[in-house]
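Report on the structure
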Protein chains: 2
Amino acid sequence: MTNEKLTTRDENFSDWYNEIIQKAEMADYAPVRGCMVIKPYGWALWENIQKALDKRFKETGHQNAAFPLFIPMSFLEKEKEHVEGFSPELAVVTHGGGQELEEPLVVRPTSETIIGHMYSKWIKSYRDLPVLINQWANVVRWEMRTRLFLRTLEFYWQEGHTAHATASEAEEETLRMLHVYEDFAVNEAAIPVICGMKSETEKFAGALHSYTIEAMMGDTKALQSGTSHNLGQNFAKAFDIQYLDEKNQLQYCWTTSWGLSTRFIGAIIMTHGDDQGLVLPPRLAPIQVVIVPIFHNVEEREAVLQYTQKVLTALADFRVKLDDRFEQTPGFKFNDWEMRGVPLRIEVGPRDVANDKLVIARRDVPGKEGKEIIEFGTLTQKVSALLVDIQQSLLKKATAFRDSHIFEAQTYEDLQQSVEKGWAFSYWCESKECEAKIKEDTKATTRCIPFDQDQKSGSCVVCGKETSTKAYFAKAY
Amino acid sequence: MTNEKLTTRDENFSDWYNEIIQKAEMADYAPVRGCMVIKPYGWALWENIQKALDKRFKETGHQNAAFPLFIPMSFLEKEKEHVEGFSPELAVVTHGGGQELEEPLVVRPTSETIIGHMYSKWIKSYRDLPVLINQWANVVRWEMRTRLFLRTLEFYWQEGHTAHATASEAEEETLRMLHVYEDFAVNEAAIPVICGMKSETEKFAGALHSYTIEAMMGDTKALQSGTSHNLGQNFAKAFDIQYLDEKNQLQYCWTTSWGLSTRFIGAIIMTHGDDQGLVLPPRLAPIQVVIVPIFHNVEEREAVLQYTQKVLTALADFRVKLDDRFEQTPGFKFNDWEMRGVPLRIEVGPRDVANDKLVIARRDVPGKEGKEIIEFGTLTQKVSALLVDIQQSLLKKATAFRDSHIFEAQTYEDLQQSVEKGWAFSYWCESKECEAKIKEDTKATTRCIPFDQDQKSGSCVVCGKETSTKAYFAKAY
């Protein structure tokens, strides 16, 4: 099935994306509209994402916990902007154990409210602060237009929720976690994200302000890939999260939240994938090296399979798969593993066995150029070096692609053209009106106001007002 | 807070259990009836349980995946016994995105139905078999009487779901996973479980038969700690899970499912805990060693804290916590970490620093007997050996306790007395009537029919009928 021709990205990027997910067996459609089944290969990728992030969370002092799936409807209503933002998207449990419930329960769309409630019980004194907790969880948002991984009714994510004594500590935490996401995206997923602040319109419902990592997909659309929110005292006031300070005065906490979801799998697919299928960054790939034995008869098979055992032993420190299926040809297997984006393929044929050699092929460099014959003795070292090189090459390629599709748009016409072929980077007066006009005319939204501003000033690309703020504008997923 | 006196097990086992969970900060009550918040210390224990199990699942060829939280109500109705068993316990979503749903969605109480539906799509040929998938998930059962960890509306578990070509392969898998649970319980949690088959009355709703690992708690009640079900072709027929065999004939698959949940945390608490609090098996303990510095003034403090850094370095391979809180006394800390069940405590005072020595105290041996002074040079080796010894001692102690509370009850009177002070092990004719009578008269249920039967025969403890089957009877959680 994976050997059927894949729609190319140029033909139809959206079909290409959907087909890859099916052919590489990442996920499938569930019988409930908008829900997905994440298949073992897709989940193994998510597990590697989890490990890479969880390590970083623990290194920065966070602990995991688990808060309930169900939230009383009344909790949502305690923070005005929050309920306005989320109420159109709620799934509601009205019956339990055969009885109608007195108060309907919401299936969590995010957990600020229920965690806020618990923090108000747990936090008494400045000595209890900061509280630094994360949870790995499923959440539900009743979306109307869904896409596998990118936007599904139920999705998987981590949500960090922290409480602090001061505004500056909360802001510090918000930025720290944004940079944890950036570090993860760049160094584990080889995705060159741009960090910045969300506009007032685009921020999280209930936040003081939101930061984001924005990535450019292969069709030049933007994907918000992780967000970190400074919630100020909004939730602390709504849920009475208070502490006694050193002078025995009651103070409201300052809280943050930050999340990254299975949507990030979509980002990996659309950043690195090519017309042969998935291309996975070695550091996250469930399988880093696949071994394909090649033989024409029973004697050859025996010799080759014996040799592959030697190869497996030499590569014990990597994530390796031996494809010893009998019913498939080597050609079929090559295509199959290319579709699944495995970074390195090792081919072992009778001649290789005789010469104590191997053929090694890079997924990211198609054809003969990416293939070489190596001595068995150099195998471990070679695989190690190639995986590092592939990781770097993917990042370099994605960065070059991104940079060649960002345009400094000076005029409104420039901007309109730019967002048809990439992202526009323009002066913007930060008014909602100018932002809304761009969205209406072009379907592009403000992606973020990056931290690196050149300190010069210029004219807002819409209204011409003098401003020192530049922002990215793009069509987005 | 943790230093307030704990109710003893003899005073009130149930209060003792609830207090430990609060004082050791394992979990808290959620604002929704019957739901729990698992706090960081409890969740860290669950993460260690997950790691130990997940490793075993992967070693036996299973892969993880993720299936949806929501199941169409009609799916539940496809397997008759299944819907009868679960329908009183369902949470139902009737509204999504502000609209009433055409078909209500059930929040999964277990996933046989939705996974069965997906397997019927995925499985075509004998070449696709076996399918060996597990998921780590939250599930919801609308229980009326709840207890933290033991029985909560929402709980966390893993559920394995496999499909096979033959009845014998399915039976083999069912038993394999039961023994994986047994191995985990005995060798990681130091809980000496008894393996066996559930009676017809006690089996999983929809199973051909169910196997269980049963543990004895500190009050001698039984706790079903993990189950493995041979589902026969029941779900395959209900969901059309069919494959073409080697002769191109369409056949129904044989399926299994097996699960272990956060209830197991309750088993750990109630197997090993004592009147000072939790006692955690070293292999699963989130903190294996706690270091408590002791000082009386600023100079001492500096010298002692410097020395603890040396200790931390020496113990880098263990899960170690330095308790450097300033506001608490050493005595408070000793009680606190005893409550939390940390296997080893290291005390470092000025005299120890001067002599290059340390005091090391075992959680499982109270008072002076469990305390010794050791040379710093022997620290790593000593800690390693003590953790192994504690692990073994806990298992030995729990086994002795269990064995001294199982009674071979020959007569009905014997049985009635036995289940007041432990478990009864008796001949039973396997009839539902005799089982029901025991339950009605004594509140004890059949826990399991163990694999180790002595092949002799005797009289059913209720009706006197000749039988070669012996079963365990006990009051249970």
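Residues numbered from 1 in each chain as written. Chains lettered and ligands numbered in written order. Predicted model: local features only at pLDDT ≥ 70, side-chain atom pairs only at ≥ 80, totals over all residues.

**Quick notes on the overall build of chain A**
When you go through chain A residue by residue, the secondary structure sums to 14 helices and 25 strands. For 477 residues, the compact-globule formula gives about 23 Å, and the C-alpha radius of gyration of chain A, at 25 Å, lands near that figure. Each of the three principal axes of chain A carries a C-alpha extent, and together these read 80 × 60 × 45 Å. The buried share of chain A, taken over its 477 residues, is 50%. Looking at chain A alone, contacts between residues at least 24 apart form 68% of all its contacts between residues at least 6 apart. (Helix = DSSP H or I, 4+ residues; strand = E, 2+ residues; numbered from the N terminus. Rg over C-alpha atoms; globule rule 2.2 N^0.38 Å. Buried ≥ 20, exposed ≤ 12 C-beta atoms within 10 Å, placed from the backbone. Contact = placed C-beta atoms within 7 Å.)

**Looking at the relation of the copies chain A and chain B**
Least-squares fitting of chain A to chain B yields an RMSD of 0.0 Å, with the superposition described by an axial translation of 0.0 Å and a rotation of 180 degrees. Those values place the two copies in the arrangement expected of a two-fold rotation axis. The C-alpha atom lying nearest the rotation axis in chain A is that of Val93(A); the distance is 2.1 Å. In this assembly the copies share their binding face: 98% of the residues contributing to the interface of chain A also contribute to that of chain B. (Least-squares fit on C-alpha atoms with pLDDT ≥ 70 in both.)

**What about the interface of chain A and chain B?**
Counting residues at the interface gives 41 residues for chain A and 41 residues for chain B. The residue inventory of the side of chain A that touches chain B, partitioned by class, reads 26 nonpolar, nine polar and six charged. Looking at chain direction, strand 5 (residues 91-96) of chain A and strand 5 (residues 91-96) of chain B are connected through five bridges and run antiparallel. Paired with Val92(A) across the two strands is His95(B), which belongs to strand 5 of chain B. (Nonpolar A, V, L, I, M, F, W, Y, C, P; charged D, E, K, R; others polar. Pairing = 2+ DSSP bridges.)

**Some points on helix 13 (residues 412-421) of chain B**
All names here are of chain B. Three or more residues of helix 13 are buried, namely Tyr-412, Leu-415, Ser-418 and Val-419. Down the axis of helix 13, the buried side of the element spans an arc of 115 degrees, and every buried residue falls inside it. Along helix 13, exposed side chains directed more than 90 degrees from the buried face belong to Glu-413 and Lys-421. (Arc of directions from axis to C-beta.)

**Some words on the sheet that holds strand 7 (residues 131-140) of chain A**
Residues and elements named next belong to chain A. Within the open sheet, the 11 strands sit side by side as 3-7-8-14-11-10-9-22-25-21-20. Their pairing is mixed. Every interior strand has two partners, whereas the edge strands, strand 3 (63-64) and strand 20 (406-408), have only one. Examined bridge by bridge, strand 21 (residues 423-427) and strand 25 (residues 470-474) share four bridges and lie antiparallel to one another. Looking at strand 25, one finds that Ser-426 is bridged to Ala-471. Strands in contact with helix 8 (residues 263-272) are strand 8 (154-164), strand 10 (209-216), strand 11 (222-230) and strand 14 (254-261); relative to strand 11, the strand with the most contacts, it is inclined by about 145 degrees. (Axes fitted to C-alpha atoms, helices over the stretch in contact; angles between N-to-C directions.)

**Quick notes on the nonpolar core**
Core analysis: the largest hydrophobic core is formed by 294 residues, its most contacted members being Val93(A), Ala215(A), Phe473(A), Val37(B), Val93(B), Ala215(B) and Phe473(B). Sequence-distant contacts of Ala215(A), defined by excluding residues within four places in its chain, comprise Ala185(A), Ile191(A), Val193(A), Leu223(A), Ser225(A), Ala267(A) and Thr271(A). (Core = buried A, V, L, I, M, F, W, Y, C linked by C-beta atoms within 7 Å.)

**A few points about the sheet that holds strand 7 (residues 131-140) of chain B**
Residues and elements named next belong to chain B. Taken together, the 11 strands give an open sheet; going across it, the order is 3-7-8-14-11-10-9-22-25-21-20, and neighbouring strands pair in mixed fashion. The two strands at the open ends of the sheet, each matched to only one other strand, are strand 3 (63-64) and strand 20 (406-408). Relative to strand 14 (residues 254-261), strand 8 (residues 154-164) is paired through eight bridges, and the arrangement is antiparallel. The residue bridging Gly-160 from the neighbouring strand is Trp-258, located in strand 14. This element, helix 8 (residues 263-272), spans strand 8, strand 10 (209-216), strand 11 (222-230) and strand 14 of the sheet and lies at about 145 degrees to strand 11.

**Structural notes on the domain arrangement of chain A**
According to the domain assignment, chain A contains domain 1 (13-272), domain 2 (289-387) and domain 3 (406-474). Its C-alpha centre places domain 1 of chain A at a distance of 40 Å from the equivalent point of domain 2 of chain A. (Domains from an automatic or database assignment.)

**Some thoughts on the confidence of the model for chain A**
The predicted model of chain A averages 96 in pLDDT, with 99% of residues at 70 or higher. Taken over the whole predicted complex, pTM reads 0.97, whereas the ipTM for its chain interfaces reads 0.96. (pLDDT = per-residue confidence, 0-100.)

**Quick look at unusual backbone geometry**
Residue and element names in this part refer to chain A. A cis amide bond links Leu-129 to the next residue, Pro-130, at an omega of -5 degrees. Considering the arrangement of structural elements, one finds Pro-130 in the loop between helix 5 (112-122) and strand 7. Residue Ala-190 is not a glycine yet carries a positive backbone phi of 55 degrees. Of note, Ala-190 is situated in the loop between helix 6 (167-187) and strand 9 (194-197). On the basis of neighbour counts, which here come to 26 C-beta atoms within 10 Å, the residue Ala-190 falls in the buried class.

**Things to note about the pairing of strand 17 (residues 344-348) of chain A**
All names here are of chain A. Counted residue by residue, strand 17 has four buried out of five residues, so it is predominantly covered. Judged from the five bridges that link them, strand 15 (residues 289-293) and strand 17 form a sheet pairing that is parallel. Each residue of the ladder has a partner; that of Pro-293, found in strand 17, is Val-348. Relative to strand 18 (residues 357-362), strand 17 is paired through four bridges, and the arrangement is antiparallel. Of the residues in strand 18, the one forming a bridge with Ile-346 is Ile-360.

**A word on the environment of Val32(A)**
When you line up the elements, Val32(A) lands in the loop between strand 1 (27-29) and strand 2 (36-38). A tally of 21 C-beta atoms within 10 Å means that Val32(A) is categorised as buried. Along the backbone, Val32(A) and Leu153(A) are 121 residues apart, and their C-alpha atoms lie at a distance of 9.2 Å. Once residues lying within four places of it in the same chain are set aside, the contact partners of Val32(A) are Pro68(B), Phe70(B), Pro72(B) and Leu105(B).

**Considerations on the pairing of strand 6 (residues 99-107) of chain B**
Residue and element names in this part refer to chain B. Two strands pair when backbone bridges link them, and strand 4 (residues 70-72) and strand 6 are joined in this way by three bridges, in the antiparallel orientation. Its bridge partner being in strand 6, Phe-70 is matched across the sheet by Val-107. Bridge count for strand 5 against strand 6 is five bridges, and the pairing is antiparallel. From the neighbouring strand, Gly-96 faces strand 6, where its bridge partner is Gln-99. Counting the residues between successive antiparallel strands, the hairpin from strand 5 to strand 6 contains two residues, one of them, Gly-97, with a positive phi of roughly 55 degrees.

**Digging into the environment of Thr255(B)**
Residues and elements named next belong to chain B. Checked against the element boundaries, Thr-255 lands in strand 14. Classification of Thr-255 by C-beta neighbours within 10 Å gives buried; the count is 30. Discounting chain neighbours no more than four positions away, the residues touching Thr-255 are His-161, Thr-162, Ala-163, Ala-170, Leu-231, Phe-235, Ala-236 and Ile-241.

**Description of helix 8 of chain B**
In terms of burial, helix 8 of chain B is largely enclosed, as 10 of its 10 residues are buried. Buried within helix 8 of chain B are the following residues: Arg263(B), Phe264(B), Ile265(B), Gly266(B), Ala267(B), Ile268(B), Ile269(B), Met270(B), Thr271(B) and His272(B).

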